[in-house]
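# Observations on the three-dimensional arrangement
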Amino acid sequence: MEELRIAVLASGRGSNFQAVQDEIESGKIRARIVLLVSDKKNAPAIERAKLRGIETMYLNPAEFPDREAYDAAIASALRKRQVGLVLLAGFMRVVTAGLIRPFRNKIMNIHPALLPAFPGLHGQRDAVKYGVKISGCTVHFVDEGVDTGPIIIQAAVPAYDNDTEDTLSARILKCEHKIYPKAVKLFAEGRIEVDGRKVVIKKQKKREDDALISVA
Ligand code: GRF
C-alpha cells in the first residue's frame, strides 16, 4: 500500500496535530503529514509544523469572497499534494461542500464531547453546565452538518461535581491525544469502512509471515 498523505487544518494550539505527528515519527503510523493549513497567521500549530519540517500554508479568509471559495482553495492545495486524508484539529471554521464533496469520508474531526451530545464550539463548557457525569471525545468523519458525521472512535472520561470548563477540558484533551492518532492509524491501515452512518472497524489482517507459520 502506498504511504498515506495527510493534511492537517488547524487554527490554534495544535496539540492534536502534534499527537498524530509524534505517532508517525515513532513509526506507529505509516503515513506522512505533508501540509498544515491554518486560517490564523500566528497559530502555534504553524510553528509546531515548521519545527518538524512540515510545509505550512496560511490562508487568510478575508481574502476570499465567501466560505465556498476559501474551501475550494484548500481543496485545490490538497489535490496538488495528493492528500488522502484531511484532519481537522482545532480548525475553527465550518467546512463547506466544496471541501467535503471531493474528500467524502476522508476528512476527520476531533470533538471534545461524546457526540451527538454537545456539538458546536463549546463542547466542554456545555457538558459542565448541563451537569453530566460522563463526557469524553469523539473522532468522526465530517459531513455537511456541524459535528454530525459518522463516528469512528469515542472515549469517555468522568465529569466531577467541582469540574470547571478548564479541568474537564484538560481531562478530555488527554483522551483526544490517544484516540485521534488511533483513528488515523486505522485509516492508514485501510481498516475503516463506512456504511451509511456506521463506521465498521475491520479486524487487523494477519501478517503474511504469521500465516505462513500457522500453515507450517
Ligand atoms: C480540541 O479540544 C479539539 O477537540 C477541538 O479543538 C481543540 C483543539 O486543540 N476541536 P489543539 O489545537 O489540537 O491543541
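Residues numbered from 1 in each chain as written. Predicted model: local features only at pLDDT ≥ 70, side-chain atom pairs only at ≥ 80, totals over all residues. Heavy atoms only, no water.

## Looking at the site of the ligand
The environment of the ligand is formed by R13, G14, S15, N16, G90, I110, H111, P112, Q124 and E176. Within the side chain of R13, one N or O atom sits 2.6 Å away from an oxygen atom of the ligand. Between the ligand and G14, the relevant distance is 2.8 Å, taken from an oxygen atom to a main-chain nitrogen or oxygen of the residue. A total of 370 Å² of accessible area belongs to the ligand in isolation, and the protein chains cover 86% of it. Of all the secondary-structure elements, those providing two or more residues to the shell around the ligand are α1 (15-25) and β5 (107-111). Considered class by class, the residues forming the shell around the ligand number 2 nonpolar, 6 polar and 2 charged. Composition of the shell around the ligand by domain shows at least three residues from each of domain 1 (1-103) and domain 2 (109-216). (Near = heavy atom within 4 Å. Polar contact = N/O pair within 3.5 Å; in protein donor to acceptor, adjacent residues only side chain to side chain. Areas by Shrake-Rupley, 256 points an atom, 1.4 Å probe, with all protein chains shown as cover. Helix = DSSP H or I, 4+ residues; strand = E, 2+ residues; numbered from the N terminus. Nonpolar A, V, L, I, M, F, W, Y, C, P; charged D, E, K, R; others polar. Domains from an automatic or database assignment.)

## Remarks on the side chain of D71
Relative to the assigned elements, D71 resides in helix α3 (residues 67-80). The side chain of D71 sits in the buried core without any salt bridge; R93 is the nearest counter-charge, 5.0 Å away. Residues in contact with D71, not counting those within four places in the same chain, are V94, V95, T96 and L99. (Buried < 20%, exposed > 50% of the residue type's maximum accessible area, 1.4 Å probe, protein only. Lys, Arg positive; Asp, Glu negative; His and termini not counted. Salt bridge = Lys/Arg side-chain N within 4 Å of Asp/Glu carboxyl O. Contact = heavy atoms within 4.5 Å.)

## Details of the nonpolar core
If you look at the biggest cluster of nonpolar residues, it comprises 44 residues, and the most contacted ones within it are I6, V8, L87, M108 and I152. Take this core: its biggest share by element is 10 residues, from helix α6 (residues 165-188). When residues of this core are sorted by domain, at least three fall in each of domain 1 (1-103) and domain 2 (109-216). In contact with I6, not counting residues within four places along its chain, are I24, A31, R32, I33, V34, L35, V83, L85, L87 and V184. L9, L35, A75 and V86 belong to the second largest nonpolar core, which has 22 residues in total. (Core = buried A, V, L, I, M, F, W, Y, C linked by side-chain atoms within 4.5 Å.)

## Comments concerning the domain arrangement of the protein chain
Taken domain by domain, the protein chain comprises domain 1 (1-103) and domain 2 (109-216). Domain 1 and domain 2 are separated by 19 Å when their C-alpha centres are compared. Contact with domain 1, which involves 21 residues of that partner, is made by 18 residues of domain 2. Overall, the association of domain 1 and domain 2 removes approximately 1600 Å² of surface from exposure, summing both partners, and the carbon and sulfur fraction of that is 72%. Of all residues in domain 1, the largest losses of buried area upon contact with domain 2 belong to N16, L88 and I100, amounting jointly to 29% of the total for that side. At the boundary of domain 1 and domain 2, one finds 0 salt bridges. Remark: the boundary between domain 1 and domain 2 carries 4 residue pairs in polar contact (both at pLDDT 80 or more). Secondary-structure elements contributing two or more residues to the side of domain 1 that touches domain 2 are β1 (4-9), α1 and β4 (85-88). Counting residues per element, the side of domain 1 that touches domain 2 draws most heavily on α1, at 5 residues. The residue inventory of the side of domain 1 that touches domain 2, partitioned by class, reads 14 nonpolar, 3 polar and 4 charged. (Buried area = accessible area lost by both parts, 1.4 Å probe.)

## Things to note about the sheet that holds strand β3 (residues 56-58)
Spatial strand order, β3-β2-β1-β4-β5-β6-β7: 7 strands in an open sheet with mixed pairing. Lying at the two open borders of the sheet, with one neighbouring strand each, are β3 and β7 (151-158). Each strand of the sheet is rotated relative to its neighbour by a mean of 20 degrees, with strand direction disregarded. Relative to the sheet, α1 contacts β1, β2 (31-38), β4 and β5, its axis offset from that of β2 by approximately 160 degrees. (Pairing = 2+ DSSP bridges. Axes fitted to C-alpha atoms, helices over the stretch in contact; angles between N-to-C directions.)

## Some details on the side chain of D147
In this fold, D147 is placed in the loop between β6 (134-141) and β7. Here D147 sits buried without a salt bridge, and the closest side chain of opposite charge, R197, lies 11 Å off (N-O distance). A polar atom in the side chain of D147 sits 3.3 Å from the side chain of N109. Within polar-contact distance, the side chain of D147 engages the side chain of H111 at 3.3 Å.

## Side note on the pattern of salt bridges
In the structure shown here, the tally under the stated rule is 11 salt bridges. The partner of K40 in a salt bridge is D39, with the nearest N and O atoms 3.6 Å apart. Of the charged contacts, one joins D161 and K133 as a salt bridge, the two residues approaching to 3.1 Å between their closest N and O atoms. Placement of D161 in the loop between β7 and α6 and of K133 in the loop between α5 (123-130) and β6 is noted, with a sequence separation of 28 residues between them. Just as D161 is exposed, K133 falls in that class too.

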